[in-house]
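Tertiary structure, described
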Amino acid sequence: MIYFTLSSGIPEETLEAIQQEVQQNLDQLQPNVILETMKGWIPGLFSFGVKLLIAAVIFFIGSRIIKMIDRMLGKSFTRMDMEISVRKFLLAVLKAVLYCLLLFVIAGQLGINSASIVALLGSASIAIGLAIQESLANFAGGVLILVMKPFRVGDYIITEDGEGTVQTIGLVYTVLSTVDNKQVVIPNGTLSNSPLTNVTAMDKRRVDIIIGVDYNTDLKKAKEILNDIYHSHPCVRNDEPIDIFVDNLGTSSITIGGRGWVNSDDYWRTKWDITESIKERFDEAGINIPYNQLEVRLKNDWTSPQQGEEKAKKGK
(Lines give C-alpha, C1' and ligand atoms only; values in the text may rest on other atoms or scores of the structure.)
Protein backbone atom coordinates (compact mmCIF):
# COMPACT_ATOMS: atom_id res chain seq x y z
CA MET A 1 0.00 0.00 0.00
CA ILE A 2 1.10 3.53 -0.76
CA TYR A 3 0.26 6.40 1.54
CA PHE A 4 0.46 10.15 0.77
CA THR A 5 0.98 12.83 3.35
CA LEU A 6 0.15 16.34 2.12
CA SER A 7 0.08 19.47 4.18
CA SER A 8 -2.11 21.32 1.68
CA GLY A 9 -5.84 21.75 2.10
CA ILE A 10 -6.86 18.76 -0.06
CA PRO A 11 -9.77 16.86 1.36
CA GLU A 12 -9.19 13.38 2.75
CA GLU A 13 -11.72 11.83 0.39
CA THR A 14 -9.74 13.09 -2.61
CA LEU A 15 -6.49 11.77 -1.19
CA GLU A 16 -7.95 8.31 -0.58
CA ALA A 17 -9.31 8.21 -4.15
CA ILE A 18 -5.87 9.12 -5.57
CA GLN A 19 -4.18 6.54 -3.38
CA GLN A 20 -6.53 3.75 -4.46
CA GLU A 21 -6.12 4.60 -8.12
CA VAL A 22 -2.31 4.59 -7.88
CA GLN A 23 -2.36 1.28 -6.02
CA GLN A 24 -4.55 -0.29 -8.68
CA ASN A 25 -2.21 0.88 -11.40
CA LEU A 26 0.81 -0.58 -9.57
CA ASP A 27 -0.99 -3.88 -9.00
CA GLN A 28 -1.64 -4.07 -12.73
CA LEU A 29 1.89 -2.98 -13.61
CA GLN A 30 3.91 -5.54 -11.56
CA PRO A 31 2.48 -8.71 -13.18
CA ASN A 32 2.87 -7.12 -16.57
CA VAL A 33 6.59 -6.39 -15.93
CA ILE A 34 7.30 -9.92 -14.69
CA LEU A 35 5.43 -11.39 -17.63
CA GLU A 36 7.26 -9.24 -20.11
CA THR A 37 10.59 -10.18 -18.50
CA MET A 38 9.82 -13.87 -18.70
CA LYS A 39 8.71 -13.45 -22.29
CA GLY A 40 12.16 -11.97 -22.99
CA TRP A 41 13.81 -15.06 -21.52
CA ILE A 42 11.88 -17.54 -23.62
CA PRO A 43 13.99 -17.21 -26.84
CA GLY A 44 17.22 -17.61 -24.87
CA LEU A 45 15.94 -20.58 -22.91
CA PHE A 46 14.63 -22.19 -26.07
CA SER A 47 17.98 -21.65 -27.81
CA PHE A 48 19.90 -23.07 -24.84
CA GLY A 49 17.55 -26.05 -24.70
CA VAL A 50 18.13 -26.75 -28.38
CA LYS A 51 21.90 -26.50 -27.87
CA LEU A 52 21.70 -28.81 -24.86
CA LEU A 53 19.70 -31.32 -26.86
CA ILE A 54 22.20 -31.21 -29.72
CA ALA A 55 25.06 -31.61 -27.23
CA ALA A 56 23.36 -34.68 -25.74
CA VAL A 57 22.94 -36.18 -29.21
CA ILE A 58 26.60 -35.45 -30.01
CA PHE A 59 27.72 -37.09 -26.75
CA PHE A 60 25.57 -40.15 -27.38
CA ILE A 61 26.82 -40.64 -30.95
CA GLY A 62 30.42 -39.77 -30.02
CA SER A 63 30.52 -42.22 -27.10
CA ARG A 64 29.21 -44.97 -29.37
CA ILE A 65 31.90 -44.23 -31.94
CA ILE A 66 34.60 -44.22 -29.23
CA LYS A 67 33.48 -47.61 -27.93
CA MET A 68 33.51 -48.99 -31.48
CA ILE A 69 37.06 -47.68 -32.06
CA ASP A 70 38.14 -49.14 -28.70
CA ARG A 71 36.85 -52.59 -29.63
CA MET A 72 38.47 -52.50 -33.07
CA LEU A 73 41.86 -51.44 -31.71
CA GLY A 74 41.63 -54.01 -28.91
CA LYS A 75 41.17 -56.79 -31.45
CA SER A 76 44.02 -55.42 -33.58
CA PHE A 77 46.40 -55.28 -30.60
CA THR A 78 45.45 -58.84 -29.66
CA ARG A 79 46.24 -60.07 -33.18
CA MET A 80 49.59 -58.24 -32.96
CA ASP A 81 50.39 -60.25 -29.79
CA MET A 82 50.98 -57.04 -27.87
CA GLU A 83 51.73 -57.23 -24.15
CA ILE A 84 48.52 -56.98 -22.13
CA SER A 85 49.85 -54.10 -19.99
CA VAL A 86 50.78 -52.09 -23.08
CA ARG A 87 47.46 -52.92 -24.71
CA LYS A 88 45.48 -51.70 -21.72
CA PHE A 89 47.61 -48.59 -21.37
CA LEU A 90 47.35 -47.56 -25.03
CA LEU A 91 43.61 -48.17 -25.11
CA ALA A 92 43.12 -46.13 -21.94
CA VAL A 93 45.18 -43.23 -23.29
CA LEU A 94 43.41 -43.30 -26.66
CA LYS A 95 39.99 -43.41 -24.98
CA ALA A 96 40.90 -40.44 -22.76
CA VAL A 97 42.09 -38.41 -25.77
CA LEU A 98 38.93 -39.19 -27.76
CA TYR A 99 36.67 -38.25 -24.86
CA CYS A 100 38.58 -34.97 -24.41
CA LEU A 101 38.02 -34.17 -28.09
CA LEU A 102 34.35 -35.02 -27.70
CA LEU A 103 34.03 -32.72 -24.67
CA PHE A 104 35.71 -29.90 -26.61
CA VAL A 105 33.16 -30.31 -29.41
CA ILE A 106 30.30 -30.28 -26.91
CA ALA A 107 31.73 -27.20 -25.15
CA GLY A 108 31.90 -25.38 -28.47
CA GLN A 109 28.31 -26.33 -29.19
CA LEU A 110 27.22 -24.88 -25.83
CA GLY A 111 29.10 -21.65 -26.47
CA ILE A 112 31.96 -22.28 -24.03
CA ASN A 113 35.34 -20.94 -25.13
CA SER A 114 37.40 -24.10 -25.62
CA ALA A 115 40.62 -22.08 -26.05
CA SER A 116 40.55 -21.18 -22.36
CA ILE A 117 40.11 -24.82 -21.42
CA VAL A 118 43.03 -25.86 -23.62
CA ALA A 119 45.25 -23.16 -22.12
CA LEU A 120 44.36 -24.24 -18.59
CA LEU A 121 45.01 -27.91 -19.33
CA GLY A 122 48.30 -27.03 -21.03
CA SER A 123 49.54 -25.06 -18.04
CA ALA A 124 48.52 -27.83 -15.64
CA SER A 125 50.25 -30.46 -17.82
CA ILE A 126 53.51 -28.49 -17.87
CA ALA A 127 53.50 -28.06 -14.09
CA ILE A 128 52.77 -31.74 -13.49
CA GLY A 129 55.36 -32.80 -16.07
CA LEU A 130 58.12 -30.78 -14.41
CA ALA A 131 57.22 -32.20 -11.01
CA ILE A 132 57.35 -35.86 -12.09
CA GLN A 133 59.76 -35.78 -15.02
CA GLU A 134 61.86 -38.69 -13.70
CA SER A 135 58.79 -40.86 -13.30
CA LEU A 136 57.63 -39.85 -16.77
CA ALA A 137 61.03 -40.87 -18.17
CA ASN A 138 60.67 -44.28 -16.55
CA PHE A 139 57.09 -44.49 -17.80
CA ALA A 140 58.17 -43.68 -21.37
CA GLY A 141 60.97 -46.25 -21.07
CA GLY A 142 58.47 -48.87 -19.96
CA VAL A 143 56.25 -48.17 -22.94
CA LEU A 144 59.25 -48.47 -25.30
CA ILE A 145 60.33 -51.76 -23.72
CA LEU A 146 56.85 -53.23 -23.94
CA VAL A 147 56.40 -52.08 -27.54
CA MET A 148 59.90 -52.80 -28.93
CA LYS A 149 60.36 -55.99 -26.83
CA PRO A 150 64.16 -56.11 -26.36
CA PHE A 151 63.40 -58.77 -23.72
CA ARG A 152 60.39 -60.62 -22.38
CA VAL A 153 59.28 -62.12 -19.10
CA GLY A 154 61.41 -65.22 -18.49
CA ASP A 155 64.49 -63.97 -20.36
CA TYR A 156 67.86 -63.79 -18.61
CA ILE A 157 69.41 -60.36 -19.13
CA ILE A 158 72.70 -58.76 -18.08
CA THR A 159 72.74 -55.01 -17.42
CA GLU A 160 75.04 -52.49 -15.77
CA ASP A 161 72.75 -52.45 -12.73
CA GLY A 162 72.44 -56.20 -12.30
CA GLU A 163 71.50 -59.42 -14.02
CA GLY A 164 68.86 -62.08 -13.63
CA THR A 165 65.68 -63.58 -14.98
CA VAL A 166 62.96 -61.09 -15.86
CA GLN A 167 59.98 -61.61 -13.55
CA THR A 168 57.76 -58.64 -14.41
CA ILE A 169 57.89 -55.72 -16.84
CA GLY A 170 55.88 -52.82 -15.47
CA LEU A 171 55.27 -49.38 -16.90
CA VAL A 172 57.79 -47.85 -14.45
CA TYR A 173 60.05 -50.66 -13.16
CA THR A 174 61.36 -54.02 -14.32
CA VAL A 175 61.92 -56.74 -11.71
CA LEU A 176 64.71 -59.32 -12.08
CA SER A 177 65.32 -62.49 -10.06
CA THR A 178 68.99 -63.44 -9.59
CA VAL A 179 70.31 -67.00 -9.51
CA ASP A 180 70.61 -66.81 -5.71
CA ASN A 181 66.94 -65.71 -5.47
CA LYS A 182 67.45 -61.99 -4.91
CA GLN A 183 65.11 -59.41 -6.39
CA VAL A 184 66.58 -56.58 -8.47
CA VAL A 185 64.32 -53.64 -9.35
CA ILE A 186 65.58 -51.45 -12.22
CA PRO A 187 63.86 -48.28 -13.52
CA ASN A 188 62.70 -48.66 -17.10
CA GLY A 189 64.27 -45.33 -18.05
CA THR A 190 67.69 -46.81 -17.25
CA LEU A 191 67.01 -50.03 -19.16
CA SER A 192 65.75 -48.25 -22.25
CA ASN A 193 68.78 -45.91 -22.42
CA SER A 194 71.65 -48.30 -21.63
CA PRO A 195 73.06 -51.42 -23.32
CA LEU A 196 72.00 -54.83 -22.07
CA THR A 197 72.61 -58.44 -23.02
CA ASN A 198 69.70 -60.80 -23.50
CA VAL A 199 71.28 -64.17 -22.87
CA THR A 200 68.20 -66.27 -23.66
CA ALA A 201 66.93 -64.33 -26.64
CA MET A 202 68.13 -67.09 -29.00
CA ASP A 203 67.16 -70.75 -28.78
CA LYS A 204 70.80 -71.95 -28.80
CA ARG A 205 74.15 -70.86 -27.36
CA ARG A 206 77.77 -71.79 -27.97
CA VAL A 207 79.80 -73.33 -25.15
CA ASP A 208 83.39 -72.05 -25.39
CA ILE A 209 86.08 -73.69 -23.25
CA ILE A 210 89.65 -72.33 -23.15
CA ILE A 211 92.33 -74.20 -21.17
CA GLY A 212 96.13 -74.12 -20.92
CA VAL A 213 98.39 -77.19 -21.14
CA ASP A 214 102.08 -77.73 -20.55
CA TYR A 215 104.55 -77.24 -23.42
CA ASN A 216 105.56 -80.89 -23.15
CA THR A 217 101.98 -81.97 -23.89
CA ASP A 218 101.15 -84.03 -26.95
CA LEU A 219 98.78 -81.54 -28.63
CA LYS A 220 97.26 -84.14 -30.90
CA LYS A 221 96.30 -86.32 -27.92
CA ALA A 222 94.95 -83.32 -25.95
CA LYS A 223 92.78 -82.23 -28.89
CA GLU A 224 91.46 -85.79 -29.35
CA ILE A 225 90.40 -85.91 -25.69
CA LEU A 226 88.72 -82.51 -25.93
CA ASN A 227 86.95 -83.50 -29.14
CA ASP A 228 85.69 -86.72 -27.57
CA ILE A 229 84.35 -84.82 -24.53
CA TYR A 230 82.32 -82.48 -26.74
CA HIS A 231 80.95 -85.20 -28.99
CA SER A 232 80.02 -87.54 -26.14
CA HIS A 233 78.07 -84.99 -24.10
CA PRO A 234 74.32 -85.54 -24.57
CA CYS A 235 73.44 -81.82 -24.58
CA VAL A 236 75.93 -80.80 -27.29
CA ARG A 237 74.15 -80.60 -30.64
CA ASN A 238 75.75 -82.82 -33.26
CA ASP A 239 73.87 -81.03 -36.05
CA GLU A 240 76.03 -77.96 -35.39
CA PRO A 241 79.81 -77.72 -35.97
CA ILE A 242 82.19 -78.59 -33.12
CA ASP A 243 85.59 -76.90 -33.29
CA ILE A 244 88.76 -77.96 -31.43
CA PHE A 245 91.74 -75.64 -31.86
CA VAL A 246 95.05 -74.30 -30.53
CA ASP A 247 94.33 -70.76 -29.44
CA ASN A 248 97.59 -69.30 -28.18
CA LEU A 249 101.25 -70.01 -27.41
CA GLY A 250 101.71 -68.27 -24.09
CA THR A 251 104.75 -67.64 -21.92
CA SER A 252 104.13 -70.65 -19.68
CA SER A 253 101.45 -72.71 -21.44
CA ILE A 254 99.81 -73.62 -24.73
CA THR A 255 96.14 -72.58 -24.84
CA ILE A 256 93.74 -74.97 -26.54
CA GLY A 257 89.97 -74.64 -26.80
CA GLY A 258 86.71 -76.15 -27.93
CA ARG A 259 83.40 -74.80 -29.20
CA GLY A 260 80.04 -76.55 -29.39
CA TRP A 261 76.38 -75.53 -29.59
CA VAL A 262 73.69 -76.38 -27.03
CA ASN A 263 70.12 -75.30 -26.33
CA SER A 264 70.01 -72.12 -24.27
CA ASP A 265 68.41 -73.88 -21.31
CA ASP A 266 71.28 -76.42 -21.17
CA TYR A 267 74.15 -73.91 -21.38
CA TRP A 268 75.38 -73.76 -17.78
CA ARG A 269 74.95 -77.45 -17.02
CA THR A 270 76.85 -78.38 -20.16
CA LYS A 271 79.66 -75.89 -19.48
CA TRP A 272 80.15 -77.21 -15.94
CA ASP A 273 80.09 -80.86 -17.09
CA ILE A 274 82.65 -80.28 -19.84
CA THR A 275 84.97 -78.34 -17.53
CA GLU A 276 84.91 -81.15 -14.97
CA SER A 277 85.41 -83.83 -17.62
CA ILE A 278 88.47 -82.01 -19.04
CA LYS A 279 90.20 -82.03 -15.65
CA GLU A 280 89.47 -85.73 -15.06
CA ARG A 281 90.45 -86.89 -18.57
CA PHE A 282 93.63 -84.80 -18.64
CA ASP A 283 94.71 -86.23 -15.27
CA GLU A 284 94.14 -89.77 -16.56
CA ALA A 285 96.22 -89.03 -19.68
CA GLY A 286 99.02 -87.37 -17.71
CA ILE A 287 98.46 -83.95 -19.29
CA ASN A 288 99.49 -81.16 -16.96
CA ILE A 289 97.51 -77.93 -16.63
CA PRO A 290 100.02 -75.23 -15.63
CA TYR A 291 99.25 -72.86 -12.77
CA ASN A 292 101.15 -70.03 -11.19
CA GLN A 293 103.58 -71.08 -8.44
CA LEU A 294 105.61 -69.10 -5.92
CA GLU A 295 108.95 -70.48 -4.66
CA VAL A 296 110.43 -69.20 -1.39
CA ARG A 297 114.06 -70.13 -0.58
CA LEU A 298 115.60 -69.67 2.89
CA LYS A 299 119.36 -69.60 3.60
CA ASN A 300 120.48 -71.28 6.87
CA ASP A 301 123.79 -69.35 7.08
CA TRP A 302 122.15 -65.98 7.33
CA THR A 303 124.12 -63.48 9.45
CA SER A 304 123.35 -59.98 10.65
CA PRO A 305 125.38 -56.97 9.41
CA GLN A 306 127.18 -56.71 12.78
CA GLN A 307 128.17 -60.34 12.69
CA GLY A 308 129.45 -59.83 9.17
CA GLU A 309 131.69 -56.94 10.25
CA GLU A 310 133.11 -58.98 13.14
CA LYS A 311 133.93 -61.87 10.83
CA ALA A 312 135.61 -59.46 8.42
CA LYS A 313 137.83 -58.07 11.23
CA LYS A 314 138.81 -61.52 12.39
CA GLY A 315 139.75 -62.45 8.89
CA LYS A 316 142.20 -59.55 8.78
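Note: the structure precedes this text.
Formed by 20 residues in total, the largest nonpolar core has its most connected members in Val207, Tyr230, Ile256, Ile274, Ile278 and Phe282. Contributions of two or more residues to this core are made by β6 (204-213), α6 (219-232), β8 (254-263) and α7 (267-285). In terms of residue count, α6 provides more of this core than any other element does, five residues in total. Excluding residues that lie within four positions of it along the chain, isoleucine 274 makes contacts with Val207, Ile209, Ile229, Tyr230, His233 and Val236.

We now examine the pattern of salt bridges. In the structure shown here, the tally under the stated rule is eight salt bridges. Residues aspartate 70 and lysine 95 are paired through a salt bridge, measuring 4.0 Å at the closest nitrogen-oxygen approach. One end of the pair, aspartate 70, is in helix α1 (residues 12-79); the other, lysine 95, is in helix α2 (residues 84-109), and 25 residues separate them in sequence. Look at lysine 95 and you get partly exposed, because its relative accessible area is 35%. One salt bridge connects arginine 237 with aspartate 239, and the closest N-O pair in it is separated by 3.2 Å.

A word on the sheet that holds strand β7 (residues 243-249). Strand order in the open sheet made by the three strands is β6-β8-β7, with antiparallel pairing throughout. One side of each edge strand has no neighbouring strand; the edge strands of this open sheet are β6 and β7. Each adjacent strand pair in this sheet contributes to an overall mean axis angle of 25°, direction not counted. Across six bridges, the pairing between β7 and β8 is antiparallel. Across the sheet, isoleucine 244 pairs through a bridge with glycine 258, a residue of β8. Where α6 meets the sheet, its contacts fall on β6, β7 and β8, and the angle it forms with β8 comes to roughly 15°. Most of the contacts of α7 go to β6, to which it runs at about 25°, and overall it touches β6 and β8.

This part takes up a nonpolar patch on the surface. A surface patch of nonpolar side chains, about 680 Å² in accessible area, is lined by Leu53, Val57, Phe60, Ile61, Ile65, Met68 and Met72. Relative to the helices and strands, methionine 68 is located in helix α1. For methionine 68, a relative accessible area of 41% translates into the label partly exposed.

What follows concerns the environment of threonine 275. Relative to the assigned elements, threonine 275 resides in helix α7. Residues threonine 275 and isoleucine 209, spaced 66 residues apart in sequence, show a C-alpha to C-alpha distance of 7.5 Å. Among the polar contacts made by the side chain of threonine 275, one reaches the main-chain carbonyl oxygen of lysine 271 at a distance of 2.8 Å.

Conventions used here
- Residue numbers restart at each chain and count upward from 1, following the sequence in its written direction.
- Totals for whole chains, interfaces and linings use all residues, but because this is a predicted model, local features are given only for residues with pLDDT of at least 70 and pairs of side-chain atoms are given and counted only at 80 or more.
- Values reported for side chains reflect all heavy atoms of the structure, with hydrogen atoms and water molecules removed beforehand.
- Within this scheme, the nonpolar core is defined by two criteria: the residues are buried Ala, Val, Leu, Ile, Met, Phe, Trp, Tyr or Cys, and they are joined through side-chain atoms within 4.5 Å.
- Using a 1.4 Å probe on the protein chains alone, a residue whose accessible area is under 20% of its type maximum counts as buried, one over 50% counts as exposed, and one in between counts as partly exposed.
- Secondary structure elements follow DSSP: runs of H or I of four or more residues count as helices, runs of E of two or more count as strands, with numbering from the N terminus.
- Throughout, a contact is declared for two residues whenever any of their heavy atoms are within 4.5 Å.
- Between Lys or Arg on one side and Asp or Glu on the other, a salt bridge is scored when a side-chain nitrogen of the former is within 4 Å of a carboxyl oxygen of the latter.
- Pairing between strands requires that DSSP locate at least two bridges from one strand to the other.
- Comment: axis = line fitted to C-alpha atoms, over the contacting stretch for helices; angle = value between 0 and 180 degrees taken between N-to-C directions.
- What makes a patch is a set of residues exposed beyond 30% relative accessible area and free of salt bridges, joined within 9 Å when like-charged and within 5 Å when nonpolar (Val, Leu, Ile, Met, Phe, Trp, Tyr).
- Shrake-Rupley sampling with a 1.4 Å probe provides the accessible areas, and residues are treated as covered by the protein chains on show and by no other component.
- Counted as a polar contact is a pair of N or O atoms within 3.5 Å, where, for protein atoms, one must be capable of donating a hydrogen and the other of accepting one, and residues adjacent in sequence contribute only when both atoms are in side chains.

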